[in-house]
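Chain residues, written in single-letter form:
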Amino acid sequence: MSTKATIIALIAGATGLLVLLFIAPKTNFEAYASKKQEASVQKKAFDANANLDFYLRNAVKVLSNELKTSYDLFYSKQLNDSLIGFWLKQKRPDLAAHFEEKKAITLNTDSAALKSGNRYYYSVQFVKDETEAPLLFACAAKMYNKALSLNPTNFDAKLMLASCYLEASSSPMEGISLLKELEKADSSNVKLQLTFAFFSLKSGQNDKALQRFNKALRIDSNNIEVYLHLADVHERLGNTEQTILALKQYAKRTTDVTAKLEIEKYIEQLKK
């Protein structure tokens, strides 16, 4: 892996919850925020009955006899944890999310519903069939709404639901409204500030992204991965000195020896 690729991988890995925001279509959400929502905007952006039954049936059909025997046993006994593990081993996180939903329905708690929604949301980056992605976002939104029905104050569920609207729905203003609502409730939430920052970055609003990343650092100075994002934005803007400074700040704080060495190499390249 090249030094540049290593830096990109570090940035992607650092975001965790928000890595998908870099790969979705660009959404100029700040522009949306300045406009009134039109009456014609579709209110029900996601199918409340979305499910992966079709993909599950097709996946089961191609299992080997040995795997099919194991699957049938787990399924007949409704061993959701075993089914989640089974599909993860088959490198099908989407289908693992399907059974995480089954588990969440049984537990009927907002935390379980949030976990299920997250499995759907993060599995998007691994699907081979791109036509499945909108369905996964719909399934994720369904479970985030389930979490909120059980606990309307669940901040993370509302934040992730907003991300679903901004990522894949025909009603991005729904997402904007949720983000603005969350900011009024808790502007010191780092995840919220990073969400704003990433969508600003995706829509080409680098200055606003810098403001949000810097605010995230002011809120939590121990969140050192933010320095990687700052370096990325500064490099996009052609601010070499600021890029180097941000990378040095990360290298000084990280305990990952390999990452430190790769960043130091990249800094030397930037100085040339």
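Since we're looking at a predicted model, the values are computed, not measured.

Draft legend 1. Summary view of the overall build of the protein chain. When you go through the protein chain residue by residue, the secondary structure sums to 15 helices and zero strands. Put simply, 60% of the contacts in the protein chain that link residues at least 6 apart link residues at least 24 apart.

Draft legend 2. Inspection of the packing of helix 11 (residues 190-202) against helix 12 (residues 206-219) at higher detail. Where helix 11 contacts helix 12, the two axes come as close as 8 Å, and the packing angle between them is 165°. Between helix 11 and helix 12, the crossing angle belongs to the class labelled roughly antiparallel. Between helix 11 and helix 12 lies a crossing of left-handed hand. Contacts from Val190, Gln193, Leu194, Phe196, Ala197, Phe198, Ser200 and Leu201 in helix 11 reach Asn206, Lys208, Ala209, Arg212, Phe213, Lys215, Ala216 and Ile219 in helix 12. Residues that form the contact of helix 11 with helix 12 fall into these classes: 10 nonpolar, three polar and three charged.

Draft legend 3. Looking closely at the pattern of salt bridges. For the structure on display, the rule yields 11 salt bridges. Salt-bridge contacts for Arg92 lead to Asp94; the nearest nitrogen and oxygen are separated by 2.8 Å. Look at Asp94 and you get buried, because its relative accessible area is 2%. For the salt bridge of Lys142 with Glu101, the shortest nitrogen-to-oxygen distance reads 2.9 Å. Here Lys142 is found in helix 8 (residues 133-150), whereas its partner Glu101 is found in helix 6 (residues 93-107), with 41 residues between them in sequence. Given the relative accessible area of 17%, Lys142 is considered buried. Judged by its relative accessible area of 11%, Glu101 is buried.

Draft legend 4. Broad picture of the nonpolar core. Core analysis: the biggest nonpolar cluster contains 54 residues, and Tyr71, Trp87, Tyr120, Tyr121, Tyr144 and Cys164 have the highest contact counts within it. Elements that contribute at least two residues to this core include exactly helix 3 (53-61), helix 5 (80-89), helix 6, helix 7 (110-123), helix 8, helix 9 (155-168), helix 10 (172-185) and helix 11. Considering each element in turn, this core owes the most residues, 11 residues, to helix 8. Among the nonpolar cores identified, the runner-up in size contains 26 residues, and Leu194, Ala209, Ile263 and Leu270 belong to it.

Cut-offs used in this document
Residues numbered from 1 in each chain as written. Predicted model: local features only at pLDDT ≥ 70, side-chain atom pairs only at ≥ 80, totals over all residues. Heavy atoms only, no water. Helix = DSSP H or I, 4+ residues; strand = E, 2+ residues; numbered from the N terminus. Contact = heavy atoms within 4.5 Å. Axes fitted to C-alpha atoms, helices over the stretch in contact; angles between N-to-C directions. Parallel < 35°, antiparallel > 145°, perpendicular 65-115°, else oblique. Left-handed = near helix turned anticlockwise from the far one by under 90°. Nonpolar A, V, L, I, M, F, W, Y, C, P; charged D, E, K, R; others polar. Salt bridge = Lys/Arg side-chain N within 4 Å of Asp/Glu carboxyl O. Buried < 20%, exposed > 50% of the residue type's maximum accessible area, 1.4 Å probe, protein only. Core = buried A, V, L, I, M, F, W, Y, C linked by side-chain atoms within 4.5 Å.

So far we have only geometry, and geometry alone does not tell us how the molecule works.
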